[in-house]
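Residue-level structural notes
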Amino acid sequence: MTIKVMLVDDSAVVRQVLSAVFTQASGIEVADVAHDPIMAMEKMKARWPDVIVLDVEMPRMDGITFLKQLMSTRPTPVVICSSLTQKGSDMAMNALAAGAVEVIAKPTGGVKAFLEANGNALVQAVKAAASARMGNVRVAPAASAPASGKPLLATPSKLSADAVLDAPTGREMFSTTERIVVIGTSTGGTQALEHILTRLPRGCPGIAIVQHMPERFTSSFAERLNRLSVIEVKEAANGDRIIPGRALIAPGGKHMMIKRSGAFYHVDIVDGPPVSRHKPSVDVLFRSAAKFAGRNALGVIMTGMGDDGAKGLKELHDTGAHTIAQDEQSCVVFGMPKEAIKLGAARDVLSLEALPGAISKH
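Residues numbered from 1 in each chain as written. Predicted model: local features only at pLDDT ≥ 70, side-chain atom pairs only at ≥ 80, totals over all residues. Heavy atoms only, no water.

You'll find the chain entered in an unreviewed UniProt entry as Protein-glutamate methylesterase/protein-glutamine glutaminase, with Vogesella aquatica given as the organism. Under the UniProt heading Sequence similarities (unreviewed entry), the note attached to the chain is "Belongs to the CheB family." Turning to the chain, the UniProt record has this under Subcellular location (unreviewed entry): "Cytoplasm". (UniProt positions renumbered as here; feature names shortened; annotations may be inferred.)

1. Some thoughts on helix α11 (residues 310-318)
Buried within α11 are the following residues: A310, G312, L313 and L316. Burial along α11 is one-sided: seen end-on, the buried residues are contained in an arc of 160 degrees. Residues of α11 that are exposed and angled more than 90 degrees away from the buried face: K311 and D318. At its buried positions, α11 is contacted by β6 (180-185), α10 (282-292), β12 (297-301), β13 (322-326) and α12 (336-342). Two residues or fewer after α11 comes G320, characterised by a positive phi angle close to 100 degrees. (Buried < 20%, exposed > 50% of the residue type's maximum accessible area, 1.4 Å probe, protein only. Helix = DSSP H or I, 4+ residues; strand = E, 2+ residues; numbered from the N terminus. Arc of directions from axis to C-beta. Contact = heavy atoms within 4.5 Å.)

2. Points about the sheet that holds β6
Across the sheet, seven strands lie side by side as β8-β9-β7-β6-β12-β13-β14; this open sheet has parallel pairing. The open sheet has two edge strands, β8 (232-235) and β14 (348-350), and neither has a second partner. Within the sheet, the average angular offset between the axes of one strand and its neighbour, ignoring direction, is 20 degrees. Both β6 and β12 contribute to a ladder of five bridges, which runs parallel. Residue G184 lies in a different strand from β12, and its bridge partner there is I301. Lying on the sheet, helix α8 (residues 189-197) is in contact with β6, β7 (206-211), β8 and β9 (246-249); it crosses β7 at an angle near 170 degrees. Of the strands in this sheet, β7, β8 and β9 touch helix α9 (residues 217-228), which is tilted by about 175 degrees from β8. (Pairing = 2+ DSSP bridges. Axes fitted to C-alpha atoms, helices over the stretch in contact; angles between N-to-C directions.)

3. Some details on the UniProt feature "modified residue: 4-aspartylphosphate" (unreviewed entry) in the chain
Mapped onto this structure's residue numbering, the UniProt feature "modified residue: 4-aspartylphosphate" (unreviewed entry) falls at D55. According to the relative accessible area criterion, D55 is buried, its value standing at 6%. The residues contacting D55, other than those within four sequence positions of it, are V8, D9, D10, G63, C81, S82 and K106.

Take a look at the structure:
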């Protein structure tokens, strides 16, 4: 089936480049374009698209207002195309909370070259959105004013992610009672993570999370979740300890790995090529947890397109760790959990509603 896409952006250059990218992709048709939401609503009366690619900062009506109207009247998969600025990333997070299923970053300069170079990622985002179950998209209320005083990201380790993935399989495990949780997710994960983290008590196990998201957007995402949750949620910095009552979110554009020092766990933030087509990669997180935490870890793979994390969860499972896949009925996109289940990587298959309790029990 051909995916009909509408492009809503006040930049003629962006509309032109996106049209060219999607026209060249198989299975996608640019059904229409509009320079603002008001024009888009008029055009959609004649032909409703399967997916809308939407800017957030536009004249006459902003993208978030338009998105909220869509979600309240006729929920439609929306991919946010937002600028790599603090304001742009904050608005993108509000859009994801309002029901958008994917986010694409665009720079403030050199937009044409950037979009052309990242054509495949744009196409995959639209295809993921087209497969979304909109009935499972959770629309959250807007968060309060931003928190201040967030720590800056430490200088990332220069160790390649591949070096850890190719390391010897010795478990390097010592006796400890410290328990940790590792979570991997993609499309639909922003709303799912909000559902989970806002329901966890202060004494829950320490958590490390990979959510597929562009660079600079993860900071705004973590700040939003921190405002809404009783536990601490922060974008991970190199060397951060995984402690009870804290959730660390991998920064966009970097891999995050679990390491161990004595009886304590911490994270390493490293650069390197994409793994399983992603950076950060869920496979990198899970495989490092298998190496350094083993049965002390709980691994959870959630909604998302593709197979990132499936093999890593299997490695974690084989160490004796408790592993969970989100069930099909509650996923926005049943891709990553499906692949993990097929590999025999998941000990349990649970609904999104059951996950906060399973994490707290660990």
